[in-house]
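An overview of the molecular structure
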Amino acid sequence: MKNKHLINPMDFTIEELDEIFELAHQIISNPQEYSHVCEGKILATLFYEPSTRTRFSFEAAMMRLGGKILGFSEPNSSSAAKGETLADTIKMVSIYSDIIAMRHPKEGAAKVASMYSSVPVINAGDGGHQHPTQTLTDLLTIKSLKGRLDNHVIGICGDLRYGRTVQSLITAMSRYENIKFLLISPKELGVPQYIREEVLNKNNIEFREVEKIEDVIEELDILYMTRIQKERFFNEDEYMRLKDSYILDTEKMKLAKEDMIIMHPLPRVNEIDVEVDKDERAAYFKQAEFGMYVRMALMAKLLGVA
Ligand code: CP
C-alpha cells in the first residue's frame, strides 16, 4: 500500500482494507504505541470546499501520529485565487509535504491531482462523485458495531443523486456477500444511473427503490441517513421543495429493529431529529470518531510507517 493514492474506494483490495481496519483497531486499543510513527512527516490538507469532520480528523490524525500539518481551508488564501492551476499547486505542495488530502468541488479533481503529485494523494471528496475516506469510516463503523461487513440489509435515505458518500458506500459494499440495499429517496434524487447499472445490476446486488422510510425501516440492519445536498442543486426552488423530504424522529424509530444502527456522514441539517441522538442505536457521532482512527491507519500505511 506504501505510496499508493486513494481516489476511489475500489483502489484498495478487500485484503488491503482489512489491513487498514486491523491497524485502526490496534491504534484504538493502544494509541501511545503509534504516537511517534509519523515524526518528521508533513500532511498537506488542501480544502477547496468547506469541511468540519474530514479536514479536522485528517489533521488530528496526523498530529496524533506525531507528524505536522500545513494547508488551507479556504482556496482564496492560496494562489488558486491568482489563477494558479491545480496541477501547479499540486507540484508545489508535493515538494513541501509527504502526503496530501484534498477536497475539491469538481468531479475528477483528485484523479488529476494524483497525476501531478510525487507523494500520495487522498481524495477527501470530489464534487458529487466520491468520498473514499468517508467510506473507510463507514466500513470501520459497520465492522466494529455490527461485527462483520457481509450479510446486511442497508437502507440509504435522502439525497442519493448528489451524495458522494452514498455512491462510494454502495460501490464499496457491493464487494461483500449478501448485501441488500433499500434506497429511500424522492424520485428526483435517486441514485445515478451508473450506480444502478454498473454497480448494482452488474454485481447482482439486490435493491429496491422506495420513497418512504416507514415502508422499509423494520427490515433494516443499518439506516444510513444523508442530507439533501443544497450546494449541488442548480435550482433553489427545487432545493426548497425537497429539503425536508425526510426527518427521522423517535416515532419512526419505534418501527426499527432493536439492534439497527443509524449512521450519517454528517453534517446533518434537520433529517435526524436531535431527540434521536439519545437513542442507543444512533451511531453517527461514534462514526465520526472512527473517521479519525481510520485516517490514522490509512496515512500510516500509505507512508509505510506501520
Ligand atoms: N462527512 C464529511 O465529509 O463531513 P465534512 O463535510 O464536515 O468534512
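Analysis parameters
- Residues numbered from 1 in each chain as written.
- Predicted model: local features only at pLDDT ≥ 70, side-chain atom pairs only at ≥ 80, totals over all residues.
- Heavy atoms only, no water.
- Helix = DSSP H or I, 4+ residues; strand = E, 2+ residues; numbered from the N terminus.
- Rg over C-alpha atoms; globule rule 2.2 N^0.38 Å.
- Buried < 20%, exposed > 50% of the residue type's maximum accessible area, 1.4 Å probe, protein only.
- Contact = heavy atoms within 4.5 Å.
- Areas by Shrake-Rupley, 256 points an atom, 1.4 Å probe, with all protein chains shown as cover.
- Lys, Arg positive; Asp, Glu negative; His and termini not counted.
- Charge placed at Lys NZ, Arg CZ, Asp CG, Glu CD.
- Near = heavy atom within 4 Å.
- Polar contact = N/O pair within 3.5 Å; in protein donor to acceptor, adjacent residues only side chain to side chain.
- Nonpolar A, V, L, I, M, F, W, Y, C, P; charged D, E, K, R; others polar.
- Domains from an automatic or database assignment.
- Salt bridge = Lys/Arg side-chain N within 4 Å of Asp/Glu carboxyl O.
- Pairing = 2+ DSSP bridges.
- UniProt positions renumbered as here; feature names shortened; annotations may be inferred.
- Axes fitted to C-alpha atoms, helices over the stretch in contact; angles between N-to-C directions.
- Parallel < 35°, antiparallel > 145°, perpendicular 65-115°, else oblique.
- Left-handed = near helix turned anticlockwise from the far one by under 90°.

**As for the overall build of the protein**
- Scanning the protein for helices and strands turns up ten helices and nine strands.
- For the protein, the C-alpha radius of gyration of 19 Å lies close to 19 Å, the compact-globule estimate for 306 residues.
- On the principal axes, the C-alpha backbone points of the protein span a range of 55 × 45 × 40 Å.
- Out of the 306 residues in the protein, the part that is buried amounts to 55%.
- A fraction of 74% describes how many contacts in the protein between residues 6 or more apart in sequence connect residues 24 or more apart.
- Summed over all atoms, the accessible surface of the protein reaches about 13500 Å², with 48% contributed by carbon and sulfur.
- In the protein, which carries 38 positive and 47 negative side-chain charges, the distance between the mean positions of the two groups comes to 3 Å.

**Structural notes on the site of the ligand**
- In the neighbourhood of the ligand, the contacting residues comprise Ser-51, Thr-52, Arg-53, Thr-54, Arg-103, His-131, Gln-134, Pro-265 and Leu-266.
- Pro-265 places a main-chain nitrogen or oxygen 2.8 Å from a nitrogen atom of the ligand.
- Take Leu-266: an N or O atom from its main chain is 2.9 Å from a nitrogen atom of the ligand.
- Alone, the ligand offers 250 Å² of accessible surface; in the complex the protein occludes 91% of this.
- For the shell around the ligand, the class distribution of residues is two nonpolar, five polar and two charged.
- Per-domain counts for the shell around the ligand show at least three residues from each of domain 1 (9–130 + 290–303) and domain 2 (133–288).

**With respect to the domain arrangement of the protein**
- By domain assignment, the protein separates into domain 1 (9–130 + 290–303) and domain 2 (133–288).
- Between domain 1 and domain 2, the C-alpha centre-to-centre distance is 25 Å.
- The interface is formed by 31 residues belonging to domain 1 together with 28 residues belonging to domain 2.
- Inspection of the domain 1/domain 2 interface yields three salt bridges.
- Here Glu-49 makes a salt bridge to Arg-232, at a shortest N to O gap of 3.0 Å.
- For the interface between domain 1 and domain 2, the tally reads 13 residue pairs in polar contact (both at pLDDT 80 or more).

**Structural notes on the pattern of salt bridges**
- Tallying each qualifying case throughout the model produces 25 salt bridges.
- Among the salt bridges present, the one from Glu-49 reaches Arg-164, with a minimum N-O distance of 3.2 Å. With Glu-49 in the loop between β1 (42–47) and α2 (53–64) and Arg-164 in helix α6 (residues 164–173), this pair connects stretches of sequence that are 115 residues apart.
- Its relative accessible area of 10% is what places Glu-49 among the buried residues.
- Residues joined by salt bridges that share partners form a network here, namely Lys-180, Glu-206, Arg-208 and Glu-219.

**Focus: the environment of Tyr-194**
- As for its position among the elements, Tyr-194 is in helix α7 (residues 193–201).
- Given the relative accessible area of 34%, Tyr-194 is considered partly exposed.
- Residues Tyr-194 and Ile-262 lie 68 residues apart in sequence; the distance between their C-alpha atoms is 26 Å.
- If we ignore the near neighbours within four places in the chain, the residues touching Tyr-194 are His-129, Gln-130, Gln-167 and Val-199.

**Regarding the pairing of strand β8 (residues 222–225)**
- The alternating pattern of β8 places Ile-222 and Tyr-224 on one face and Leu-223 and Met-225 on the opposite face, and all of these are buried.
- Taken together, the four bridges between strand β5 (residues 152–157) and β8 define a ladder with parallel strand orientation. Along β8, the bridge assignment pairs Ile-154 with Ile-222.

**Topic: unusual backbone geometry**
- That bond from Leu-266 to Pro-267 is cis: its omega, 5°, falls within 30 degrees of zero.
- As for its placement among the helices and strands, Pro-267 is situated in the loop between β9 (261–263) and α10 (284–302).
- With a phi angle near 60°, Asn-151 is a residue other than glycine that sits in the positive phi range.
- Take Asn-151: it is sitting in the loop between α5 (132–146) and β5.
- The class of Asn-151 is partly exposed, set by a relative accessible area of 34%.
- With phi around 55°, Asn-178 is a residue other than glycine that occupies positive phi space.
- With respect to the helices, strands and loops of the structure, Asn-178 is situated in the loop between α6 and β6 (179–184).

**Remarks on the UniProt feature "domain: Aspartate/ornithine carbamoyltransferase carbamoyl-P binding" (unreviewed entry) in the protein**
- UniProt's entry tags residues 4–143 with the feature "domain: Aspartate/ornithine carbamoyltransferase carbamoyl-P binding" (unreviewed entry), counted in the numbering of this structure.
- Note that residues 4–143 is 42% helix and 16% strand, and that its end C-alpha atoms are spaced 24 Å apart.

**Overview of the packing of helix α1 (residues 14–29) against α5**
- Here α1 crosses α5 at 70°, and the two axes come no closer than 11 Å. Accordingly, the angle class assigned to the pair α1 and α5 is roughly perpendicular. For the crossing formed where α1 meets α5, the hand is right-handed. Here Leu-17, Asp-18, Phe-21, Ala-24 and His-25 of α1 come into contact with α5, specifically with Leu-136, Leu-139, Leu-140, Lys-143 and Ser-144.
- The residue inventory of the contact of α1 with α5, partitioned by class, reads six nonpolar, two polar and two charged.

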